[in-house]
Amino acid sequence: MWRDTATAGPERARDLAARLERRAKAVDEVAARDAYLSLLDIAAGEHVLDVGCGSGAVTREIARRVGNRGLAVGLDPSPELLAVARGLAQEAGLGDRVEFREGDALRLPFHDRSFDVVLCVTVLSHVPQGEAAIPELVRVLRSGGRLGVFDLDTDMTAFTHPDRALTRRIVAAASDATAVDGWLVRRLPSLFQRAGLGDVRVRGFFPLETDLQSFYANMADRCAEVAVKTGVITELEGRRWLDAFRKQGAQGPIVAGRLHIFVWGRKPA
């Protein structure tokens, strides 16, 4: 779904943007976003780059933090997603402190040492050879600047379900098929260090939702679909698994969510 958004037409881009905005409004997502932006110490007047900005949900929050004297730059390969992001930023009254650019995380269209902070949120796990982006992200950082990457660990996905064995098979299949590299985030601390960053730190976040209509509960449908398509389970197993999951949700609150890891570090002065 997220591997090649550059060629997305207007309809697909609107659908992807709606998914991103829906996730961004979840209570645990709001709390996680506030936490990792605070860990980066984003201050008024700074220039901050949001790589793979999508609909611009994170970019808009960055813009609120940098204020009128700062600048939040959102970069994305999809011109259609960027059009949505610009519109949402204008609606939020942030157009004067936000700039959106088309570009690739592996070849950033910026000069060396252009930004005080660079951030990449749930992007690199979907990028082929995503780890090659780390030196590029470091390149555009000013001396003393901070880099943060917030990404998902696809194996660590949780659903309330009575069938533990089948759930494990479905989660494993989705882990392998819904991201290019669902384990990239586990290697990020060493990749940061190898790229010359210091004071490298790690913090885990596990956004959870309890309603069947929530973003992460709806992810169950995608996981089951992928498991069927890859031949890990049969269509009948997929239907039965989803029926049992929905039955759990009809009886009371369920748990649905996925581990995310935030890694951040500082470029030496």
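Let us look at the structure shown here. These figures come from a predicted structure and were not determined experimentally. (Residues numbered from 1 in each chain as written. Predicted model: local features only at pLDDT ≥ 70, side-chain atom pairs only at ≥ 80, totals over all residues. Heavy atoms only, no water.)

1. Here we look at helix H8 (residues 215-229)
In plain terms, the rule: Only DSSP runs of H or I with at least four residues qualify as helices, and only runs of E with at least two residues qualify as strands; both kinds are numbered from the N terminus onward. Every helix has an expected span of 1.5 Å times one less than the residues it contains. Throughout this description, buried means an accessible area under 20% of the type-specific maximum (1.4 Å probe, protein chains only), exposed means over 50%, and partly exposed covers the range between.
Between its terminal C-alpha atoms H8 stretches 22 Å, which fits the 21 Å expected from 15 residues at 1.5 Å a residue. For H8, the complete set of buried residues consists of Phe215, Tyr216, Ala217, Met219, Ala220, Cys223, Ala224, Val226 and Ala227.

2. Topic: helix H7 (residues 184-194)
A turn of α-helix holds 3.6 residues, and therefore any two residues three or four places apart point the same way. How we decide: This arc is built from the directions going out from the helix axis to the C-beta atoms. We call two residues in contact whenever any of their non-hydrogen atoms come within 4.5 Å of each other.
Residues Leu184, Val185, Leu188, Leu191 and Phe192 constitute the buried set of H7. Seen along its axis, H7 keeps its buried residues to an arc of 100 degrees; they face one direction. Facing away from the buried side of H7, by more than 90 degrees, are the exposed residues Gln193 and Arg194. Buried residues along H7 sit against helix H5 (133-139), strand E5 (141-159), strand E6 (198-205) and strand E8 (256-266). In the segment just after H7, Gly196 is the residue with positive phi, at about 100 degrees.

3. Structural notes on the packing of H8 against helix H9 (residues 235-251)
Note the threshold: An axis is simply a line fitted to the C-alpha atoms; with a helix, the fit covers only the stretch in contact. Between two such axes, the angle follows the N-to-C directions and lies from 0 to 180 degrees. Just so you know how the angles are binned, under 35 degrees is roughly parallel, over 145 roughly antiparallel, 65 to 115 roughly perpendicular, and the rest oblique. A clockwise turn of the near helix away from the far one marks a right-handed crossing, whereas an anticlockwise turn of less than a right angle marks a left-handed crossing. Amino acid classes used here: Ala, Val, Leu, Ile, Met, Phe, Trp, Tyr, Cys and Pro are nonpolar; Asp, Glu, Lys and Arg are charged; the rest, including Gly, are polar.
Where H8 contacts H9, the axes come no closer than 9 Å and their chain directions differ by 165 degrees. By the angle class used here, H8 and H9 are roughly antiparallel. Note on packing geometry: the crossing formed by H8 with H9 is right-handed. Contacts between H8 and H9 involve Ala217, Ala220, Asp221, Ala224 and Val228 from the first element and Glu235, Gly238, Trp241, Leu242, Phe245 and Arg246 from the second. Counted by class, the contact of H8 with H9 contains 7 nonpolar, 1 polar and 3 charged residues.

4. Digging into the environment of Arg22
Tracing the backbone shows Arg22 in helix H1 (residues 10-24). Judged by its relative accessible area of 39%, Arg22 falls in the partly exposed class. Sequence separation of Arg22 and Asp153 is 131 residues, and the distance between their C-alpha atoms is 20 Å. If we skip the residues at most four places from it in the chain, Arg22 touches Gln213, Ser214, Phe215 and Asn218.

5. Observations regarding the pairing of strand E4 (residues 115-121)
Where a strand is regular, its side chains alternate between the two sheet faces. Note the threshold: By definition, two strands form a pair when at least two bridges between them are found by DSSP. Think of it like this: strands point away, you trace from the first strand over the helix to the second, and a clockwise trace means the crossover is right-handed.
Of all 7 residues that make up E4, 7 are buried, and the element is covered over most of its length. Looking at chain direction, strand E1 (residues 47-51) and E4 are connected through 4 bridges and run parallel. Within E4, the position partnered with Asp50 by the bridge is Leu119. The pairing of E4 with E5 spans 6 bridges and is classified as parallel. From the neighbouring strand, Phe115 faces E5, where its bridge partner is Leu141. The β-α-β motif built from E4, the intervening H5 and the parallel element E5 has right-handed crossover chirality.

6. Considering the packing of aromatic side chains
As a reminder, the rule being used: Stacked, tilted and edge-to-face are the three classes assigned to paired rings of Phe, Tyr and Trp, where Trp is represented by its six-membered ring and a pair needs centres within 6.5 Å; plane angles under 30 degrees give stacked, over 60 edge-to-face, the rest tilted. In this scheme, the term charge over a ring applies when either NZ of a lysine or CZ of an arginine sits within 6 Å of the ring centre and within 35 degrees of the ring normal.
Using the criterion set out here, one finds 9 aromatic pairs in the structure. With a centroid separation of 5.8 Å and 65 degrees between ring planes, the pair formed by Phe150 and Phe205 is classed as edge-to-face. Highlighted residues: Phe150 in strand E5 and Phe205 in strand E6, separated in sequence by 55 residues. Taking the relative accessible area as the measure of exposure, Phe150 reaches 1% and is therefore buried. Its relative accessible area of 9% is what places Phe205 among the buried residues. In textbook terms, an aromatic cluster arises when at least three aromatic residues are bridged by ring pairs, as seen for Tyr36, Phe150, Phe205, Phe262 and Trp264. Over the face of the ring belonging to Trp183 we find Arg186, whose NZ or CZ atom lies 4.0 Å from the ring centre.

7. Comments concerning the environment of Ser38
Cut-off, in case you're wondering: The term polar contact refers here to a pair of N or O atoms within 3.5 Å; inside protein, the definition further demands a hydrogen-donor-capable atom paired with an acceptor-capable atom, and it admits residues adjacent in sequence only when both atoms are side-chain atoms.
Take Ser38: it is sitting in helix H2 (residues 27-39). Take Ser38: its relative accessible area is 35%, and that puts it in the partly exposed class. Put simply, Ser38 and Glu136 are 98 residues apart on the chain and 23 Å apart in space, counted from C-alpha to C-alpha. Separated by 3.2 Å, the side chains of Ser38 and Arg65 make a polar contact.

8. Regarding the nonpolar core
So the rule is basically this: The nonpolar core is taken to be a set of buried Ala, Val, Leu, Ile, Met, Phe, Trp, Tyr and Cys residues, with the residues joined through side-chain atoms within 4.5 Å.
Membership of the largest hydrophobic core comes to 30 residues, with the highest contact counts inside it found for Leu49, Leu124 and Leu137. Breaking this core down by element, the ones donating at least two residues are E1, strand E2 (71-76), E4, H5, E5, H7 and E8. With 5 residues, H7 is the single largest residue contributor to this core. With residues near it in sequence (within four places) discarded, Leu49 still touches Val73, Leu75, Leu108, Phe110, Phe115, Val117, Val118, Leu119 and Val140. If you look at the next biggest cluster of nonpolar residues, it comprises 26 residues, including Leu94, Val121, Phe150 and Phe205.

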